[in-house]
Structures are given as structure tokens and as C-alpha cells.
Amino acid sequence: MERCCCGLMTPEKQAVPLQSVDVQVDVKDHVATVVSTLLYQNKEEKPIEAVFVFPMPSEAAVCHFSAKVGETLIVAEVKEKKQAREEYDDALSSGQQAFLLEESDQSPDIFSMSVGSLPPGESASIRLEYVTELDVQADEALRFCLPAVLNPRYQPAGTESTSVNVTSVPSSLVPYDLTFSVRVESPRPVSKVESSCTMDPVEYLNQDQTKASVKLAAGHKFDRDVELLIYYKDSHQPSAVVEAGQASAKPGSLMGDPVLMLSLYPEFPKDIMSSVSSSGEFVFLLDRSGSMDCSMGHGPQSGPRIASARDTLLLLLKSLPMGCYFNIYSFGSIFEQIFKESAEYNQKTMEEALEKVEKMHADLGGTEILAPLKHIYSQGCIPNQPRQLFVFTDGEVGNTKEVINLVKSNSGSHRCFSFGIGDGASSALIKGLAKEGGGHAQFITGNDRMQPKVIQSLRFAMQPAVVDISVTWDLPKGVSASVLSPPLTSIFQGQRSLLYAQLTGQSKERAEGCVTVKYRLAGRPTENKLNFSLKPAEDAGLTVHRLAARSLIRSLEQDQEGARWEKDDAAKKKIIDLSIQSGVSSSFTAFIAVNKTSGDAIQGPLLRRNVPLPMMMACSMPMPQMNYGMQMQSMDCYASLASSGGPVVLGFASRASSGGMLCADNMMDEDFDDTMMVKGGSRLAPQPKALRDPLLELVSLQTASGCWKLEPALATALSKTSQDLENKQPSMAKTEVWATILALVWLHGLKADAKDEWELLVMKAATWLRSQNAAGLTECVEAANALLGCSVQKEALGL
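Starting from 1, residues in each chain are numbered consecutively following that chain's sequence as written. Side-chain atom pairs in this predicted model are given and counted only at pLDDT of 80 or more, local residue features only at pLDDT of at least 70, and totals for whole chains, interfaces and linings cover all residues. Each side-chain value is worked out from all heavy atoms of the structure, with water and hydrogens disregarded.

(A) Spotlight on the pairing of strand 17 (residues 226-232). For the exposure calls, accessible area comes from a 1.4 Å probe over protein chains only, and a residue counts as buried if that area is under 20% of its type's maximum, exposed if over 50%, partly exposed in between. Strands here are runs of E lasting at least two residues and helices are runs of H or I lasting at least four, both read from the DSSP assignment and numbered beginning at the N terminus. For strand 17, the tally of buried residues reaches 7 of 7 residues, placing the bulk of the element in the interior. Because side chains alternate across strand 17, one face comprises the buried residues Val 226, Leu 228, Ile 230 and Tyr 232, and the other comprises Glu 227, Leu 229 and Tyr 231, equally buried. Two strands form a pair only when DSSP identifies at least two bridges running between them. Sheet analysis places strand 11 (residues 142-146) next to strand 17, joined by 5 bridges and oriented antiparallel. Bridged to Leu 146 within strand 17 is Val 226.

So, in C-alpha cells, the structure goes:
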């Protein structure tokens, strides 16, 4: 008789040793310290090794790893990766307990945790700590994301593969619990905290509301990342924090000297900000891999990602200025382009592009982004038309570093703006593209609208590029600053720029310093100054030092990776030494802990157990044959997926001997279209086309020059009849002027909450109106207000 299995199980009826994950986040202004505690328990009759591969924010500085077994606490040390792996393997071979934490060789946002030789009935509590900066959003919120979803990494054919085996279960059956709590503290009051997940109400901890706490509600479904948006009552201001060095560290070293963290929020002259450039080459690169057919959000009304991307391209094309150049590329396993080379923007080319955009579907297979990027960079730049590249992807690629290095090597010819769509989008890829391309990164998750974030980046792209950036220091005699951050290559209005610097020496003269950032903007010399105290902050710990070390390590790794064909042992040694000195992980080091006090050697064969993890796939589809030697350890989950409609959960085992990577995109048929799949591979009838959003309906009618025409479609978009529009038209007004005024009054009066989306195209319309020198504008505005039930002032229209 077969023995009955009890407790947490994988689809192969193997016990899952991970019981629970507890995450505590401590946010101080714009920096978060994250402590994760993972409880493992071996309920089997033999010793096990548990392997857990999970996502991390790419900018995180992992600074602590320890294990508690019984009453014994084992704190891990940072060592060179090869040495750490050897020590781990040696410990397991000799029957000792060992714990290993290492960063993926392919991408800095994936980590692998190995818990070795856990005897039958034994428990181990693993503590992992990291610090990270919080990104500023378009609405001035600070964004924290706990990546709970790890999408599979698509590995293009013919590239080096880090082989992994896949363990999968439906996300509703993830066999461990997550508890998540956040404490926020700032000099400014906390106005609100929002989340993509269900949270308990915010609890304020003091009367002036500068301290608050919030918790994740019970029953988290593991179908999304845990995203928090933190709003402070006052807008962000430049700030400086000096942190004292570690008393035990050598003076003159990074950890021994004070370190300064500068948060700069540059303010550009208003006359420059009120105008936008009418030149530029705008290249849009859109992911059309199979997974773009997945839902944008978590609600029943949420449409597919590809549909949101099409709507966004409509807004982008309508917002471009006359006289610029543009092209649209789309990619999957192959890539396509609308024009052979970038075309001048006018009514004819805009209409041709929109017609092709409407026919774009998620039907190009995998996520091979390198080939279209190489093709774009092979095209010569157009004189006096600065190239601006916009990349939209929900995918994960196995060759992240290669892609980022390509962008970096072409950074002198363009700016790159990147958009991560959906839960699980690789932060290393999205942020790396923008950082190395001198642009700006955005993430669109949950029920976020893609359009306002993309239009904000278009505004950045249409601002004059900031050039000749320099940083100068005014410090007391005897004190010097060594900048630890990469050089500033891009500055945007209202966006934070962070600088880390090591302060060496002492002075009795004064306890203040000043930093000046100088640059040229639209040919005009501009500078921003910040005075700061040199007195170290109290109770700051070593957070700033670790963030500074992480910044320097990432910069050195990028340089080393860029010169990978030239063996640079000196650079590698510098990274390893810095990592060990600071206790912050790197691509060349790992955390290793060995329990040398565990007494008798652990007997018996060691069973490997891979801990499952969520992989977001919100669309149902059939299971095709795996390409590129991919293996799936269990198909049981797919029957569950087909019957439940839930996302799939994947767990990755590190250092496997064979197999490839499972990719959501590879599960899609090359000819996958808008019809939905059900169990058995049969197709449902295509769904009727959804009604377009009224705002997008109106926007779609605008011409490239910026005006609207008086036509039945405009009347429909305004919920009026053609007769209504004709009867109310002032006698002296031209029809196109009247139509354009109607559209502008409707946008300002009835869609003011979407101003971030339509602001640029309205500026273009106002420019067109001014160029007409039209009579009767005041009468047109009054008549439009009366017809549409609005009260918009003529001045508000930019007239």
C-alpha cells in the first residue's frame, strides 16, 4: 500500500520544505531596508537540500544572510563565488549543514538560495536583508516593489544558456504563506499609501503623521508583485545625508570613511519647460511576443497588454510634432518595421502607421530584442534630429547583460526610454536600458494606465538634452570628496538624481559643504546648488555605505562586462575586494554559511527539493512542444491551469546539469491570434471588438497638424449629432477652427483628470490655432461651452 503524503507537496508529490516567508520593510524617506525571513522544515524521512530561485530588485544591495538552526545562529560571509560554491559542496559532502546565496551570472535581479543538509524533522530560519532606493513616479509617489513573480527568461536560439529545470504549480496552490508589513518614516507627513494588493488600512504612529505602518491583508494569492506607492505631503526636495564610517574599518577605506548621499531634484527654467522641441527621430520598439496577449491588470475589465500598447502608440503618434521623423518596430522571434527607414511625420505617414498599428497582435513568438536593436543602431542618424528610442516589453530575456551592453555602446547616438509591462518584468533589463541609454525607466503593473507614464517620458524626450554635466565641490580645507556613483549622463525636470561620495579627511574650520551641478540646457548654462551639513546623521547604521558600495560595484561590473573580450583580472579583483569589504553581494561573490557546530555528520542520501515560485501568465493557452531543449518537470499543473484559468507558478533550480529555459512566449503558437484557447487546444470564437475609450476615440480623429475636422465621427465622439455641431457653429468661424475648439473644450472640461495623457496633443492643437490667426475664437469657446455643458476659459486653452 502506497504511503500517504502529508504536508506541503509539489505536483510530483514531493514535500516542499519552505513553509512561510515574512517580509518587513522599513522605509526612511526614499530608502528602504527589507528583511525577509524564510522558514524551512524537513517533513520527510531523509535529509534534503532545498533550492529556491527568486527575483530581487536589480538595484538592491544584499547585505546580510544568516540561518538559525535550533538555538544556533550561523551568519554568512561574503566570499569569491567559486570558493563559496566549493565550501558549500564540501560541507554537504562531509555531512555538515550549509547555506548559499548567490546572484545569477546572467542577470542581477535573480538570486538563488540553497539550504543544504536539513535533517528529517529539522527546521531552519533563514534571514535575508537588503537595502534599496525607491523610484520617483510621474505623480511624485515613491515606488517600492517586492517581486513575488519571476517570469521565465527567454533564451534566444544560439546564445549561451544557463540551464534550469522547472517545477510548476498553479499560483492558487503556492505551498507557503507570505506576510508583509511596512513602516514608513520621513521628515514630511505621509499623505497616503496605495498598493496593487489588498492592504489593511494605514495606521499613523504619531500626531504629525510622519510615521505610519501598513500590512498586507491575509490571503495573498501570489498572482502579482507586491507594489507600494508612498505619497508625502510636500513635493520632493533636494537633500543630503552624511553617514559615519564603521569604527572597526580602516580609515581611508570606503567602509571606514564617512559617505555622503545626495538627492538632487533639478529645476529647469520655466520658459524652457513650457516649450517642446519640434525636431527629433522617435523610434518605437514594441514587444509582440505571445505573452503580450496576457491581461494588463487583475480585474475582469482589464484588457490584453497588446491592446493597451496599441492605444498608447495612438496617443504617441498624435502627440508627435510636425517636422520630426519616426518609425515603429515590433519584435518577437523575428522583427518587423513599418517604414524601411524613419519617415518624416505628416498626415500621410501618420495614417499609414496607425493603420498598421491597428493590425498588430501578440503573434511574433519569443522575446528576441537584440536583433531589432542592432538593426536600429545600424541605421544612420538624421542630422539635427536627435534619436529617441522607446522600448515596450513585458518579457524577460536570458541575455540581459548583452542587451544592456549594446545600448551602452550606442549611448552617444540616442536616448533610450524603457517600459516594463506587467508583473515580473525584469527590473535589471528595464532600468539597465534607460540608465545606459541616458533615458528614463517606467513600470506599468496591476491596473495602471500605460498612457500617462509613456506621455511623461515623451515629454522628457522632447525636452532639450542636458549636456556638459559637471559636479564641483566646495568643502572645508583638509576634506575631499571621491564620487562613487557613475557620472551623471542624464537629468530630467522633477526626477531625482542620486550621487554617492566618500569623504576623506577632517577639518576644524566649518562643518558645512556645498555641491554644484552645472550643465547646459538648450544652449544656456544652468546650475543647481545644494548646501549640506558634514555632521553625520544619528542612528543611520551603514545603509548609505552599502548603497554606495552597490552603486560602485554595479558600475565596475558594467565596465568589466563591456570589456568582456579582454580578460580584466584586476577589475574583477577590485569588485571582489569591495564586495567582501562592504558585505554587499556582487556577480563575482556569494554569501556562504557553514554550521560547524552541528555535531554528528548528517547521514543518508541527500534529496534535492526545488521550491516553487509564481510565474505570471494570465492567459490560457495550449501546451506546445518545448523548443531549445526545454524541460518541464510536471504537466499536472497545466491541467489545473486549463481548468481553473489561473496563472502558473514556476520554481527554478540552480546549477542543473541539463535542460533549457521555459518561456511564456515559447508556449504561444507562432500564429497565436486574438481567439482564446481552452483545454485540448480548441479555439473559442473571437470576442466582439470592445468599444474604444471616448478619449481615445476623440484623439484618433486629430490630424497630424493638430486640428480636428467637422465630421460625423467627431459628433459621435462628443455624444452629439452632426446637426448639433453645425447649428451651434459661429458664423465667422472656419469649420476646422470650430471643430478644434470643440475638441479642446471637451478635453479640458470633461477629461481634465486625463490631462497627463492629452497635454502634448492639445499643445499641438493650440499651436495650430494660433497659426490660423482665426477670427471669432472667443465666440467659438463660448458656443462650445454652451453645447457641451462646460465652463472652460479661453486662456486655459493656451490661446
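There is more to say after this.
(B) Expanded view of the packing of aromatic side chains. Stacked, tilted and edge-to-face pairs are distinguished by plane angle, under 30 degrees for stacked and over 60 for edge-to-face with tilted covering the rest, among Phe, Tyr and Trp rings (Trp via its six-membered ring) whose centres lie within 6.5 Å. Counted under the stated rule, the structure contains 14 aromatic pairs. Aromatic pair Phe 326 and Tyr 345: ring centres 5.8 Å apart, planes at 80°, arrangement edge-to-face. In this pair, Phe 326 sits in strand 21 (residues 325-331) while Tyr 345 sits in the loop between strand 23 (343-344) and helix 4 (347-358), placing the two residues 19 residues apart along the sequence. For Phe 326, a relative accessible area of 0% translates into the label buried. Taking 6.4 Å as the distance between ring centres and 40° as the angle between the ring planes, the aromatic pair formed by Tyr 329 and Phe 335 counts as tilted. For Tyr 329, a relative accessible area of 3% gives the class buried. Through successive ring pairs, a cluster of aromatic residues spans Phe 284, Phe 390, Phe 392, Phe 417, Phe 419, Phe 460 and Phe 492.

(C) A look at the pattern of salt bridges. We count a salt bridge whenever a side-chain nitrogen from Lys or Arg sits within 4 Å of a carboxyl oxygen from Asp or Glu. Following the criterion strictly, the structure yields 22 salt bridges and no others. The partner of Arg 85 in a salt bridge is Glu 102, and the shortest N-O contact between them spans 2.8 Å. Note that Arg 85 is positioned in helix 1 (residues 81-93) and Glu 102 in strand 7 (residues 97-103), a separation of 17 residues in sequence. A residue is classified by how much of its surface remains accessible, and Glu 102, at 4% relative accessible area, is buried. Residue Lys 709 pairs with Glu 736 through a salt bridge whose shortest N-O separation is 3.1 Å. Here Lys 709, found in the loop between helix 12 (694-699) and helix 13 (712-717), pairs with Glu 736, found in helix 15 (residues 735-750); they are 27 residues apart in sequence, far enough to count as distant. A residue is classified by how much of its surface remains accessible, and Lys 709, at 40% relative accessible area, is partly exposed. Several salt bridges converge on common partners, so that one network encompasses Lys 81, Arg 85, Glu 102 and Asp 105.

(D) Looking closely at the side chain of Lys 79. Looking at where Lys 79 falls in the secondary structure, it is placed in strand 6 (residues 77-80). Overall, Lys 79 belongs to the buried group, its relative accessible area being 18%. In what follows, a contact means two residues having at least one pair of non-hydrogen atoms within 4.5 Å. Among residues more than four places away in sequence, those in contact with Lys 79 are Ala 84, Glu 87, Ile 580, Phe 588, Thr 589, Ala 590 and Ile 592.

(E) Representation of the environment of Glu 436. You can see Glu 436 is positioned in helix 7 (residues 427-436). Linking Glu 436 and Leu 406, residues 30 residues apart in sequence, is a C-alpha distance of 9.2 Å. With near-sequence residues (within four places) excluded, Glu 436 lies in contact with Ile 404, Val 407, Lys 408, Ser 411 and Gln 558.

(F) Quick peek at the sheet that holds strand 10 (residues 135-136). Sheet architecture is open: 4 strands sit in the order 10-11-17-14, paired in antiparallel fashion. Edge positions in the sheet fall to strand 10 and strand 14 (190-195), since each of these pairs with one other strand and no more. With 2 bridges joining them, strand 10 and strand 11 adopt antiparallel strand pairing. Bridge assignment links Asp 135 to a residue of strand 11, and that residue is Arg 143.

(G) Quick peek at the sheet that holds strand 31 (residues 524-533). Taken in spatial order, the 3 strands of this open sheet run 27-30-31, and their pairing is antiparallel. The outermost strands of the open sheet, each flanked by one partner alone, are strand 27 (466-474) and strand 31. Taken pair by pair, the neighbouring strands of this sheet meet at an average axis angle of 15°, ignoring direction. Inspection of the sheet shows strand 30 (residues 512-521) paired to strand 31 by 10 bridges, in the antiparallel sense. Within strand 31, the residue paired with Val 517 across the bridge is Asn 528. The axes used here are C-alpha line fits, helices contributing only the stretch in contact, and every angle between their N-to-C directions lies in the interval 0 to 180 degrees.

(H) Looking closely at the pairing of strand 7. Most of strand 7 sits out of view: 7 of its 7 residues are buried. Going residue by residue along strand 7, you find Gln 97, Phe 99, Leu 101 and Glu 103 tucked away on one face and Ala 98, Leu 100 and Glu 102 tucked away on the opposite face as well. Sheet topology places strand 7 next to strand 32 (residues 589-595); 6 bridges connect them, and they run antiparallel. The residue of strand 32 that forms the bridge with Phe 99 is Ala 593. Relative to strand 8 (residues 110-118), strand 7 is paired through 6 bridges, and the arrangement is antiparallel. When the sheet's bridge partners are listed, Leu 101 is paired in strand 8 with Met 113. Linkage of strand 7 to strand 8, two consecutive antiparallel strands, is achieved through a turn of 6 residues.

(I) Main features of the packing of helix 5 (residues 370-378) against helix 6 (residues 400-409). The N-to-C vectors of helix 5 and helix 6 enclose an angle of 10°; their axes lie 10 Å apart at closest approach. With respect to helix 6, the axis of helix 5 lies roughly parallel. Each of Leu 370, Leu 373, Lys 374 and Tyr 377 in helix 5 lies in contact with helix 6, whose residues at this interface are Glu 402, Val 403, Leu 406 and Val 407. Any residue that is not Ala, Val, Leu, Ile, Met, Phe, Trp, Tyr, Cys, Pro, Asp, Glu, Lys or Arg is counted as polar, Gly included; the first ten are nonpolar and the last four charged. Considered class by class, the residues forming the contact of helix 5 with helix 6 number 6 nonpolar, no polar and 2 charged. Comment on the angle field: the value is read as roughly parallel under 35 degrees, roughly antiparallel over 145, roughly perpendicular from 65 to 115, and oblique elsewhere.

(J) Up close: unusual backbone geometry. You will see that Ser 117, though not glycine, has its phi angle at about 55°, which is positive. With respect to the element layout, Ser 117 can be found in strand 8. What makes Ser 117 buried here is its relative accessible area of 3%. Residue Gln 209 is not a glycine yet carries a positive backbone phi of 60°. Mapped onto the elements of the fold, Gln 209 is located in the loop between strand 15 (203-204) and strand 16 (211-215). Here Gln 209 falls in the partly exposed class, since its relative accessible area comes to 25%.

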